[in-house]
Structure formats: C-alpha cells, structure tokens
Amino acid sequence: SATLDIPPAPGVPGAFAVALKEVEHTDTAFRFLSPGPPADNVFEVRREPKADTGAGTVMLARVQPLPLRMWRITRDEALTAIPSRPQRPRAPLPYTQRDVVYTNADDGTTLAGTLAIPAGDGPHPAMILIADSGPRSRDQDEATHPWSLVLSDLLVRHGVAVLRSDDRGVGASAGTFNESTIDAAAGDTLGALTMLAAQPGIDPKRIGVIGRGEGASAAAHAAAQGQGVAALVLLAPPGLPGRQVLLARERRQLEALGEDPQYIQARADLLGRVLELVAAGADEQPVRAAIEAEIRSISQAKRGDGGQMTDDQVQEIAAERYGRFNNARVRSFLNADPRRALAKVRCPVLALGGSMDLIVTTADNLPEVDTALHTAPSGDVTTRVIPGVNHLFQPCSGGFEDEYGRINCTIGPAVLDDIAAWLRTRLGVAK
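Summarised in this report is the structure supplied together with it. Every value quoted in this text rests on a predicted model; they were computed, and no experiment measured them.

1. Quick word on the side chain of glutamate 403
- Here glutamate 403 lies in the loop between β17 (381-386) and α12 (413-427).
- An unpaired buried charge is present at glutamate 403: no salt bridge exists, and arginine 406, the closest side chain of opposite charge, is 5.4 Å distant.
- A distance of 2.9 Å separates the side chain of glutamate 403 from the backbone nitrogen of glycine 399, its partner in a polar contact.
- When residues no more than four places from it in sequence are discounted, the contact partners of glutamate 403 are Cys396, Ser397 and Gly398.

Here it is as structure tokens:
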C-alpha cells in the first residue's frame with residue numbers, strides 16, 4: 001500500500017495522505033493509481049534493477065500523458081522537503097516508548113499501538129487517543145501534521161502516559177477499517193483500557209480517553225458503558241446524528257464560500273437524499289442515481305474547476321463515491337446518534353470545539369453535546385468554544401481543509417495547555 005503527499009504551492013492546494021490504488025513495486029517498475037476526479041491518474045515508472053532513479057509517464061485522468069521522473073531520497077532529505085512542523089517531537093525524548101498489542105474482546109480483532117510512559121516509577125495516569133475518521137496510523141497524520149504524536153508528546157511531558165494506535169487494517173493492526181462500526185471502535189477502546197490497566201507503571205483507576213471528530217463519538221460510546229473510564233476529552237465532537245453532521249458541514253462550507261441560500265438548499269436536499277439511502281442500506285441503483293443527480297446539479301451550476309462534466313465522467317465519479325459510501329463504517333456513522341451515549345457518561349468530561357471548524361461544525365454540534373452531557377450522571381462537565389481554530393485546532397483564517405497544510409502549527413498551544421490543565425486536576429497529576 002502507499003499514500004501520496006503533494007506539498008502546497010502558490011495556486012495549488014496540495015494533497016495529503018491520498019490512498020493510492022493498484023500499487024505494484026518490483027525491482028524494475030513502479031506503478032500506482034491516484035484517484036480523480038474526473039478519473040484515476042495512472043503513474044508508471046521503469047528503472048534499472050534496484051536503481052534509485054526511474055522514468056516514465058503519468059496519465060492524467062487516464063487521457064493526458066505527462067513525463068515523470070522519480071528518485072529515491074533519504075528520510076532526512078524527505079523531511080527537509082515537507083513543510084515545517086515545529087511541534088513534531090525531536091529526539092532525545094524525556095520519556096520511554098514501547099510497542100503494545102491488545103484485543104477487542106467482542107470480535108477478537110488485534111490492535112497495535114505505541115505506549116509512551118513518563119519518566120519515574122509511577123504509577124502514572126494514562127490516556128487513550130482515538131483518531132478522527134480515517135483510516136489513520138497511530139500518529140494520526142493529517143496534512144503532514146503528526147496530530148496524535150504532538151498531543152501525546154505534550155501529555156507525557158505533563159506526567160500522563162499515552163496510548164496511540166493504528167486504525168483497523170492500518171499498520172500493525174488487524175481487521176478491515178471499512179467494517180469498523182462505532183460499536184467495534186468502542187470495543188477496541190475498551191480492549192485498550194483493559195491492556196493498559198495491566199501494564200506496570202500505569203494506575204488502573206486513572207485511565208481516560210481522548211477522541212477527535214468521529215473518534216470523540218467512539219470515545220463517548222466506550223465511556224458510556226461504565227467500564228472504568230476515569231476522564232473523557234472530546235475534541236470537535238459530533239452532537240448530531242451522522243447524516244445531520246454532514247448536512248450541517250455542507251451548509252456551513254457553502255455559506256463560507258458565499259453561495260446564495262437557494263443553491264445551498266438545493267445542494268442540501270440532494271445530499272440529504274443520498275445520505276438517507278446510504279443509511280438505509282438501499283440497493284446500488286437508487287444510491288448511484290441519487291449521487292449522479294447531485295453531481296449533475298453541481299456540474300450544471302458550473303461549480304468546480306472543470307465546468308460541466310460528460311455523462312461518462314459523472315458516472316465514473318458516482319461509482320467511486322458509491323464505493324466509498326457502501327460499507328458498514330459509513331452506515332454506522334450516518335445512523336449513530338451520539339447524544340444517547342453522551343447522556344450515559346459518568347466520568348468528568350471536557351468538550352472543546354473550534355469556532356472555525358467547517359468539518360464538525362461547532363455551532364451545530366457542541367450545544368447538542370453540552371445538553372446531552374448535562375443530563376448525564378457525570379456532574380463534572382466543561383464545554384468550551386475555542387475562538388479562531390479549525391477542526392485540527394490550528395489557529396487559522398478560513399477553516400477549510402486545504403488550509404491545514406499551509407499552517408505550520410499542528411495544534412494551538414493554548415488548546416494543548418487547556419487539555420493538560422484539565423487532566424492535571426481530574427487525574428491528580430503531580431506535574
């Protein structure tokens with residue numbers, strides 16, 4: 001498997017962690033497909049046996065050939081080629097890290113991760129990090145930002161052990177990501193909790209969970225089962241059912257782009273029909289038809305870079321989107337109402353949302369989270385809107401995803417300080 005990153009440049013938003021298809025790598029050739037739209041781009045490179053350089057062609061959208069050269073570089077050279085990420089931890093680190101494995105007791109899936117432990121004998125409190133929508137590796141890389149690694153480093157330096165893990169089907173974790181429902185994700189989290197409670201140097205009574213985005217829903221789902229979660233941190237948490245989260249995202253992003261209300265309503269209606277059919281597990285034909293209607297509406301309105309699309313392009317994009325929608329994970333997200341789990345949480349909770357989050361829109365979701373938590377048995381609930389930050393909690397100007405890679409800060413320092421200060425009091429951290 002492989003992913004492709006394209007650093008942003010003037011006039012080019014860049015691309016980050018794009019999952020490639022049909023990856024073939026031999027001593028004399030390298031071939032892969034990167035997804036469109038309007039169609040896949042086909043990369044083909046030939047080289048002498050085991051050589052560090054090669055030449056070939058990239059066929060844009062399968063129709064436009066361009067010459068292509070590739071050459072191998074060292075990791076250090078690669079790091080100088082990507083944007084600066086000053087919060088990335090640098091060796092030597094004042095704590096230890098070790099690989100661990102654990103099992104979901106419900107279905108037997110084995111997960112793998114890295115446990116970072118503060119200096120000293122302990123016993124230390126610990127937090128389990130749950131990634132946003134993925135699939136993602138344990139560092140939760142997004143737009144070349146090692147999001148989980150940065151958060152982990154901050155917390156360990158404040159005396160809290162941290163577990164960060166590969167998603168199902170990623171890295172060293174078993175299973176299939178697209179079959180991972182919210183129940184499965186919660187079970188994975190409880191498996192991590194059981195493993196941590198048995199680790200030397202970890203206090204089994206002071207283990208909490210941090211989740212961001214979809215990971216926040218999984219974290220709340222695990223905590224609601226009342227199996228020893230001592231603290232819960234929800235970052236950009238959904239407070240609405242998945243279908244409504246995506247519709248709110250659509251509306252807020254179009255509003256931010258300055259679209260007129262009539263067009264926004266039309267787009268929301270078309271997307272709503274698609275999501276309704278997918279959530280219900282409808283057959284392929286009606287779902288594809290609904291997706292095609294949405295794409296044609298955008299094309300006819302001349303939104304996007306390419307103007308109106310041909311029927312073949314519409315059908316190819318619809319087929320690709322249907323493939324992404326047609327799985328258990330997406331259906332689970334669309335149908336899940338996080339408020340049901342939030343209302344059952346018994347431990348202290350910190351819920352933070354960014355005022356400029358255009359992914360899980362804070363104005364639509366955080367009030368629902370707050371209301372549900374204040375009906376819960378917890379009795380210790382803090383919800384807060386962080387001004388001027390996006391879905392990654394970066395200080396930003398716009399909130400759109402194409403801005404992430406152009407911002408050097410991975411997580412706003414004030415946000416990190418908020419989380420650390422809250423955990424110190426709830427988990428009794430000495431530092």
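Anyway, onward from the coordinates.
2. Focus: the sheet that holds strand β7 (residues 64-71)
- Pairing in this open sheet of 5 strands is antiparallel, and the strands run β3-β4-β5-β6-β7 from one edge to the other. The strands lining the two open edges of the sheet, one partner per strand, are β3 (21-25) and β7. In this sheet, neighbouring strand axes are inclined to one another by 15 degrees on average, regardless of whether the strands run parallel or antiparallel.
- Both strand β5 (residues 41-46) and strand β6 (residues 53-60) contribute to a ladder of 5 bridges, which runs antiparallel. Residue arginine 46 lies in a different strand from β6, and its bridge partner there is alanine 55.

3. A look at the packing of aromatic side chains
- Taken as a whole and judged by the stated rule, the model has 2 aromatic pairs.
- Centre to centre, the rings of phenylalanine 30 and phenylalanine 32 are 5.2 Å apart; their planes meet at 55 degrees, and the pair counts as tilted.
- Judged by relative accessible area, phenylalanine 30 falls into the partly exposed class, the value being 23%.
- Overall, phenylalanine 32 belongs to the buried group, its relative accessible area being 4%.
- Aromatic rings pair up to connect Phe30, Phe32 and Phe43 into one cluster.
- Arginine 212 extends its terminal NZ or CZ atom over the ring of tryptophan 147, reaching a point 4.4 Å from the ring centre.

4. Here we look at empty space enclosed by the protein
- Under the counting rule described, the total for this entry stands at 1 cavity of 30 Å³ or more.
- One number sums up the size of the largest cavity: a volume of about 30 Å³.
- Surrounding the largest cavity, Ala236, Pro237, Gly353, Val360, Thr361, Thr362, Asn365 and Leu366 form its lining.
- Per-element tally for the lining of the largest cavity: the top contributor is helix α11 (residues 362-373), with 3 residues.

Calculation criteria
Residues numbered from 1 in each chain as written. Predicted model: local features only at pLDDT ≥ 70, side-chain atom pairs only at ≥ 80, totals over all residues. Heavy atoms only, no water. Helix = DSSP H or I, 4+ residues; strand = E, 2+ residues; numbered from the N terminus. Buried < 20%, exposed > 50% of the residue type's maximum accessible area, 1.4 Å probe, protein only. Lys, Arg positive; Asp, Glu negative; His and termini not counted. Salt bridge = Lys/Arg side-chain N within 4 Å of Asp/Glu carboxyl O. Polar contact = N/O pair within 3.5 Å; in protein donor to acceptor, adjacent residues only side chain to side chain. Contact = heavy atoms within 4.5 Å. Pairing = 2+ DSSP bridges. Axes fitted to C-alpha atoms, helices over the stretch in contact; angles between N-to-C directions. Phe/Tyr/Trp six-rings, centres within 6.5 Å; stacked < 30°, edge-to-face > 60°. Lys NZ or Arg CZ within 6 Å of the ring centre and 35° of its normal. 1 Å grid on protein atoms, 1.4 Å probe; cavity = no way out; pocket = protein on both sides within 12 Å on 5 of 7 lines; lining within 4 Å. Points joined across faces, edges and corners; volume = space filled by probe spheres on them.

From the geometry alone we can't say anything about function, so treat these as descriptive.
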